[in-house]
Amino acid sequence: RLYVPASLRNAASRGGLPGFLRCLARDTRASVFVVMAIGLLALGTATGAGIDFARGLNFKSSLQGMVDAAAIAGASVYLNAGYSTQANAAASNYLTTASANLTTNNGVTTAVSLTQSAPFTVTVTASGAIKSSFTGVIMNNIPVSVTATAKGPANPNIDFYLLLDDSPSMAI
């Protein structure tokens, strides 16, 4: 059986619910527990938001690494406009392979774009979201989007060979 102090019982019988609430507001016994309960709720919420924030940063870091590597893979073969198909394929293949290694997410959307004039650059963008664990009341998903740009080699290394034939048949 719940103990209710006599002062609160009398207030409830005299003034109904408004009188009971006024008397309850004036009663300071055990008010530390109310403040502690509110504080623990705030602390728990802040901890959950921090954990979700850390998960979002971890996912963003993984996604950024994937996009950076894909841009470099595409730019490494993008010597001139004739290599645009190979550059796009290299970046896309890397994205497809690396997407399987990402943490559990709600799907990742990627795009590869190339410039058709010098300097030849490969731009890779990706966006995705992960489901929030603790802050689901505020937001269900944590959205993440990243971009990476890499330039292809300005002057490809081309080897030239000079052959000098000094045999007697050349009469040198």
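A brief report on the enclosed structure follows. Remember, it's a predicted structure, so these values are computed and weren't measured experimentally. (Residues numbered from 1 in each chain as written. Predicted model: local features only at pLDDT ≥ 70, side-chain atom pairs only at ≥ 80, totals over all residues. Heavy atoms only, no water.)

Some details on the overall build of the protein chain
Working step 1: A tally of helices and strands in the protein chain yields 3 helices and 3 strands.
Working step 2: For the protein chain, the N- to C-terminal ordering of α and β elements is α-α-α-β-β-β.
Working step 3: A burial count over the protein chain gives 23% of its 172 residues as buried.
Working step 4: Put simply, the protein chain shows about 11900 Å² of open surface, and 62% of that area lies on carbon and sulfur atoms. (Helix = DSSP H or I, 4+ residues; strand = E, 2+ residues; numbered from the N terminus. Buried < 20%, exposed > 50% of the residue type's maximum accessible area, 1.4 Å probe, protein only. Areas by Shrake-Rupley, 256 points an atom, 1.4 Å probe, with all protein chains shown as cover.)

Description of a nonpolar patch on the surface
Working step 1: On the surface, Phe33, Met36, Leu40 and Leu43 cluster together into a nonpolar patch covering about 450 Å² of accessible area.
Working step 2: Take Leu40: it is sitting in helix H2 (residues 31-76).
Working step 3: The class of Leu40 is exposed, set by a relative accessible area of 51%. (Patch = residues over 30% accessible without salt bridge, like charges linked within 9 Å, V, L, I, M, F, W, Y side chains within 5 Å. Salt bridge = Lys/Arg side-chain N within 4 Å of Asp/Glu carboxyl O.)

Considering the sheet that holds strand S1 (residues 108-114)
Working step 1: Reading across the sheet, the 3 strands line up as S1-S2-S3 and stay open at both edges, with antiparallel pairing between neighbours. Looking at strand neighbours, the two that pair on one side only are S1 and strand S3 (141-151), the edges of this open sheet. On average, each strand axis in the sheet is tilted by 10° relative to the strand beside it, whichever way the strands run.
Working step 2: Examined bridge by bridge, strand S2 (residues 121-131) and S3 share 11 bridges and lie antiparallel to one another. Residue pairing in the sheet places Ala129 in a bridge with Pro143 of S3.
Working step 3: Contacts from helix H3 (residues 84-99) reach S1 and S2 within the one sheet, and its direction differs from that of S1 by about 160°. (Pairing = 2+ DSSP bridges. Axes fitted to C-alpha atoms, helices over the stretch in contact; angles between N-to-C directions. Contact = heavy atoms within 4.5 Å.)

Quick notes on the nonpolar core
Working step 1: Ranked by internal contacts, the top residues of the largest apolar core, which has 23 residues, are Phe59, Leu63, Met66, Val67 and Val124.
Working step 2: Elements with a contribution of two residues or more to this core: H2, H3, S2 and S3.
Working step 3: Sort the elements by how many residues they give to this core and H2 lands first, with 7 residues.
Working step 4: Apart from the residues lying within four places of it in its own chain, the contact partners of Phe59 are Leu102, Thr103, Asn105, Val108, Gly128, Ala129, Ile130 and Val144. (Core = buried A, V, L, I, M, F, W, Y, C linked by side-chain atoms within 4.5 Å.)

Notes on the side chain of Ser84
Working step 1: As for its position among the elements, Ser84 is in helix H3.
Working step 2: If we ignore the near neighbours within four places in the chain, the residues touching Ser84 are Tyr78, Leu114 and Gln116.

Concerning the environment of Asn141
Working step 1: In this fold, Asn141 is placed in strand S3.
Working step 2: Asn141 gets classed as partly exposed once you look at its relative accessible area, which sits at 35%.
Working step 3: Each C-alpha atom of the pair Asn141 and Gly128 lies 9.5 Å from the other, and the pair is 13 residues apart in sequence.
Working step 4: Ignoring any residue separated from it by four or fewer positions in sequence, one finds Asn141 in contact with Asn106, Ala129, Ile130, Lys131 and Ser132.

A look at the pairing of S1
Working step 1: Bridge count for S1 against S2 is 7 bridges, and the pairing is antiparallel. Each bridged residue has a counterpart across the sheet, and for Ser113 the counterpart in S2 is Thr123.
Working step 2: The loop that links S1 with its antiparallel partner S2 comprises 6 residues.

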